[in-house]
Amino acid sequence: MSDIFSFDPKPNTAILLDNISIRYRLPSDSIRTFKEYMIRMLQGRIKHNSFWALKNINLEVKKGEIFGILGRNGAGKSTLLKVISKVLVPSEGRVWINGYISPLLQLGAGFHVELTGRENIYLNATLLGHSRSEIDDKLDDIIKFAEIGDFVEAPLRTYSSGMQARLGFAVASAWQPDILILDEVLAVGDAGFQEKCFERMTKFRDSGATVLMVSHTISQVRELCKRALWLNNGEIQSVGAVEDVCDAYQQSLTIH
Ligand SMILES: Nc1ncnc2c1ncn2[C@@H]1O[C@H](COP(=O)(O)OP(=O)(O)OP(=O)(O)O)[C@@H](O)[C@H]1O
Ligand SMILES: [Mg+2]
């Protein structure tokens, strides 16, 4: 019974994570060919090491907040966003999400490099659940926001990282979601584009949406978020007011 009571979403809760853990399995020996892999699998000779990328994460994010996630490379930030976006099923624990999510995970996710910008807009927006006519209506806005100009008819492999990020953000934010998830998306955008993204994010927040952002730019997190989380080796090191979390994280980076 106590388990049920510990999982108690309030009306203004957007995301509730209850004791989430994620275990990845890594092969312990190097297997060079597919043939060798199949033979070993049939013989039951594939050994795995378990690796816990997230451990006992409890977190509540409210509606109408921009929430920052900080942590060193490999800390588990992207893994956490994948759990919230339901791309990964947690090994343990429960995820409760209130509303429609628009995830923008790592750069290029959901894109196809041989398709043009225009085709990728249709592909991505369809994956987000929009109909053809909804996309037709938003197409000009998306192209205008992304500022990719004539490249809209060129294959995605000809785009710079910043152009891909622009297109990704433009599609993911074309329709206001209840929860927008951004994994280091702003890092490769130039200052002008970042400013446009911030403007859109704060507009979403002011109308009650939740934005979850992972960033290595601590000043960005301080500027945009009220609350933040610091992940360290898959565990919550600290969560709370953005100034406190950023100060503690920043301090840890200077201690060797
Ligand atoms: N598919 C996978 N299989 C096995 N291990 C994985 C997998 N994906 C991630 N990991 C491991 O899980 C840990 C957390 O990875 P994650 O990508 O969540 O880190 P991160 O905090 O986003 O790092 P970065 O700042 O570099 O993006 C890392 O040690 C990584 O090697
Ligand atoms: Mg990451």
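Before reading further, recall that the structure is shown in the block above.
We now turn to the structure provided with this report. (Residues numbered from 1 in each chain as written. Chains lettered and ligands numbered in written order. Predicted model: local features only at pLDDT ≥ 70, side-chain atom pairs only at ≥ 80, totals over all residues.)

**Structural notes on the nonpolar core**
In summary, soluble globular proteins display a tendency toward joint burial of nonpolar side chains.
Here comes step 1: Core analysis: the largest hydrophobic core is formed by 63 residues, its most contacted members being Ile69, Ile181, Leu182, Val211, Leu212 and Ala228.
Here comes step 2: Counting residues per element, this core draws most heavily on helix H6 (residues 161–172), which supplies 7 residues.
Here comes step 3: Not counting the four nearest positions on each side in its chain, Ala228 is found in contact with Phe67, Gly68, Ile69, Leu70, Val221, Val242, Val245 and Cys246. (Core = buried A, V, L, I, M, F, W, Y, C linked by C-beta atoms within 7 Å. Buried ≥ 20, exposed ≤ 12 C-beta atoms within 10 Å, placed from the backbone. Helix = DSSP H or I, 4+ residues; strand = E, 2+ residues; numbered from the N terminus. Contact = placed C-beta atoms within 7 Å.)

**As for the sheet that holds strand S7 (residues 210–214)**
Here comes step 1: Reading across from one edge, S5-S6-S7-S3-S8-S9 is the order of the 6 strands in this open sheet, with mixed pairing throughout. Edge positions in the open sheet fall to strand S5 (101–104) and strand S9 (235–241), since each of these has one partner strand only. Across the sheet, the mean angle from the axis of one strand to that of its neighbour is 15°, orientation sign disregarded.
Here comes step 2: Across 4 bridges, strand S3 (residues 66–70) lies against strand S8 (residues 227–232) in parallel orientation. Counted as the bridge partner of Ile69 is Leu229 from S8.
Here comes step 3: Strand contacts of helix H3 (residues 77–84): S3, S5, strand S6 (179–183), S7 and S8, with the helix running at about 150° to S7, the strand carrying the most contacts.
Here comes step 4: The strands that helix H7 (residues 191–206) touches are S3, S6 and S7; relative to S7, the one it contacts most, it runs at about 140°. (Pairing = 2+ DSSP bridges. Axes fitted to C-alpha atoms, helices over the stretch in contact; angles between N-to-C directions.)

**Quick notes on the site of ligand 1**
Here comes step 1: In the vicinity of ligand 1, the residues found are Tyr24, Leu26, Phe51, Ala53, Gly71, Asn73, Gly74, Ala75, Gly76, Lys77, Ser78 and Thr79.
Here comes step 2: Going through the elements one at a time, strand S1 (13–27), strand S2 (48–62) and H3 are the ones with two or more residues in the shell around ligand 1.
Here comes step 3: When grouped by side-chain class, the residues that make up the shell around ligand 1 number 5 nonpolar, 6 polar and 1 charged. (Near = placed C-beta within 6 Å. Nonpolar A, V, L, I, M, F, W, Y, C, P; charged D, E, K, R; others polar.)

**Focus: the packing of helix H5 (residues 132–146) against H6**
Here comes step 1: Two numbers describe how H5 lies on H6: the axes approach to 8 Å, and their chain directions differ by 140°. Like other packed secondary-structure pairs, H5 and H6 cross with a definite hand, here right-handed. Here Ile142, Phe145 and Ala146 of H5 lie close against H6, whose contacting residues are Arg166, Leu167, Ala170 and Val171.
Here comes step 2: Along the lines of polarity and charge, the residues of the contact of H5 with H6 split into 6 nonpolar, no polar and 1 charged. (Left-handed = near helix turned anticlockwise from the far one by under 90°.)

**Considerations on helix H9 (residues 242–254)**
Here comes step 1: The end-to-end C-alpha separation of H9 is 18 Å, in line with the 18 Å expected for 13 residues at 1.5 Å each.
Here comes step 2: Where H9 is buried, its residues meet S3, helix H8 (218–224), S8 and S9. (Expected span 1.5 Å × (residues − 1).)

**Remarks on the sheet that holds S2**
Here comes step 1: Spatially, 3 strands are ordered S2-S1-S4 in an open sheet, and the strand pairing comes out antiparallel. Two strands bound the open sheet, and with one partner strand each, they are S2 and strand S4 (92–97). Each neighbouring strand pair of the sheet contributes to a mean axis angle of 25°, computed without reference to strand direction.
Here comes step 2: Relative to S2, S1 runs antiparallel, the two sharing 11 bridges. Across the sheet, Arg25 pairs through a bridge with Ser50, a residue of S2.

**Quick notes on unusual backbone geometry**
Here comes step 1: One non-glycine residue, Lys86, adopts positive backbone phi at about 65°.
Here comes step 2: Summarising the element assignment, Lys86 is placed in the loop between H3 and S4.
Here comes step 3: The backbone phi angle of Asn233 is positive, close to 50°, even though this residue is not glycine.
Here comes step 4: Tracing the backbone shows Asn233 in the loop between S8 and S9.

**Description of the environment of Leu224**
Here comes step 1: Here Leu224 shows up in helix H8.
Here comes step 2: With 21 C-beta atoms counted inside 10 Å, the residue Leu224 sits in the buried group.
Here comes step 3: In this structure the C-alpha to C-alpha distance between Leu224 and Phe67, which are 157 residues apart in sequence, comes to 8.3 Å.

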